[in-house]
Amino acid sequence: ACTCDELADSDALKLLFKIISSTCEQHNIPWRQTASNALLSMTKIFTPKAVQYVVRSQCIQTCLQCMNSDEICSANLIDRFHLFVTLLTFLRETC
C-alpha cells in the first residue's frame, strides 16, 4: 500500500487535490468523487510530513481558488458544496 508520504514525494497527493477541484464534464464526476473518497480515507494516517506537503504545495488554497472562480464542474452549486465538505472534512481529520 502507498503511504501518504510516498504520495507527497511523488506529487500524487497534489494531483488528488487538483482532481477534486478541477473543471470536468458531467460524465467525469465519478473520477472526482473517487479522488475525494481516496483523500478522505487517508486522513486518519496522514503524517506531519504529508500535512506539511499539503501546506507547502498550497493544495487547500488551490481548491478554494477554484471554488471562487467558477472553475469547478460548470459552477454547479452541488459540486461546490461537495468540494467544500471534502475540504472541511480533510481539515478536521488532519488537525
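Keep in mind the model is a prediction, meaning the values are calculated, not measured. (Residues numbered from 1 in each chain as written. Predicted model: local features only at pLDDT ≥ 70, side-chain atom pairs only at ≥ 80, totals over all residues. Heavy atoms only, no water.)

Go over the environment of Thr23 with me, naming the residues and quoting the values.
With respect to the helices and strands, Thr23 occurs in the loop between α2 (12-21) and α3 (29-42). By relative accessible area, which is 55% here, Thr23 ends up exposed. Spatially, the C-alpha atom of Thr23 lies 22 Å from that of Leu7, the residues being 16 residues apart in sequence. (Helix = DSSP H or I, 4+ residues; strand = E, 2+ residues; numbered from the N terminus. Buried < 20%, exposed > 50% of the residue type's maximum accessible area, 1.4 Å probe, protein only.)

Break down the nonpolar core for me, citing the residues and quoting the values.
Membership of the largest hydrophobic core comes to 21 residues, with the highest contact counts inside it found for Leu13 and Phe17. When residues no more than four places from it in sequence are discounted, the contact partners of Phe17 are Leu39, Val54, Cys59, Ile60, Cys63, Leu87 and Phe90. (Core = buried A, V, L, I, M, F, W, Y, C linked by side-chain atoms within 4.5 Å. Contact = heavy atoms within 4.5 Å.)

Summarise the packing of aromatic side chains; cite the residues concerned and give the values.
Going through the model one piece at a time under the given rule, you end up with two aromatic pairs. Between the aromatic rings of Phe17 and Phe90, the centroid separation amounts to 5.2 Å while the plane-to-plane angle is 90°, which identifies the pairing as edge-to-face. Residue Phe17 is found in helix α2, and its partner Phe90 is found in helix α6 (residues 77-94); the two are separated by 73 residues along the sequence. The same class applies to Phe17 as to Phe90, namely buried. Centre to centre, the rings of Phe46 and Phe90 are 5.2 Å apart; their planes meet at 85°, and the pair counts as edge-to-face. Placement of the pair is Phe46 in the loop between α3 and α4 (48-56) and Phe90 in helix α6, with a sequence separation of 44 residues. Overall, the relative accessible area of 12% leaves Phe46 in the buried class. (Phe/Tyr/Trp six-rings, centres within 6.5 Å; stacked < 30°, edge-to-face > 60°.)

If you had to explain the layout of surface pockets to someone new, which residues and values would you point to?
Estimated volume of the largest pocket: approximately 180 Å³. If you trace the largest pocket, you find 12 residues lining it, with Gln33, Ser36, His82, Leu83 and Thr86 closest to the centre. Going through the elements one at a time, α3 and α6 are the ones with two or more residues in the lining of the largest pocket. Classifying every residue of the lining of the largest pocket by side-chain character gives five nonpolar, five polar and two charged. (1 Å grid on protein atoms, 1.4 Å probe; cavity = no way out; pocket = protein on both sides within 12 Å on 5 of 7 lines; lining within 4 Å. Points joined across faces, edges and corners; volume = space filled by probe spheres on them. Nonpolar A, V, L, I, M, F, W, Y, C, P; charged D, E, K, R; others polar.)

Lay out the environment of Met67 in plain terms, naming residues and giving numbers.
Within the fold, Met67 resides in helix α5 (residues 59-68). Between the C-alpha atoms of Met67 and Pro30, which are 37 residues apart in sequence, the distance is 18 Å. When sequence neighbours within four positions are dropped, the list of residues in contact with Met67 reads Arg80, Leu83, Phe84 and Leu87.

Tell me about a nonpolar patch on the surface, and please be specific about residues and values.
Taken together, the side chains of Phe84, Leu88 and Leu91 make up a nonpolar region of the molecular surface, amounting to roughly 250 Å² of accessible area. Tracing the chain through its elements places Leu88 in helix α6. (Patch = residues over 30% accessible without salt bridge, like charges linked within 9 Å, V, L, I, M, F, W, Y side chains within 5 Å. Areas by Shrake-Rupley, 256 points an atom, 1.4 Å probe, with all protein chains shown as cover. Salt bridge = Lys/Arg side-chain N within 4 Å of Asp/Glu carboxyl O.)

Requested: an account of the pattern of salt bridges, with residues and values cited.
Any two side chains of opposite charge can pair, so long as their charged atoms come close to each other. All told, the structure shown has four salt bridges when counted by the stated rule. Linking Arg32 and Asp79 is a salt bridge whose minimum nitrogen-to-oxygen distance equals 3.3 Å. Taken together, the positions of Arg32 in helix α3 and Asp79 in helix α6 put the pair 47 residues apart, joining distant regions of the chain. On the basis of relative accessibility, which here comes to 8%, the residue Arg32 falls in the buried class. When its relative accessible area of 6% is taken as the criterion, Asp79 is described as buried. Here Lys44 makes a salt bridge to Glu93, at a shortest N to O gap of 2.5 Å. Of this pair, Lys44 sits in the loop between α3 and α4 while Glu93 is found in helix α6, placing the two residues 49 residues apart along the sequence. Given a relative accessible area of 24%, Glu93 falls into the partly exposed group. Put simply, Lys44, Arg92 and Glu93 are held in one network by salt bridges that share partners.

Remember that the coordinates give geometry; whether it matters functionally is a separate question.
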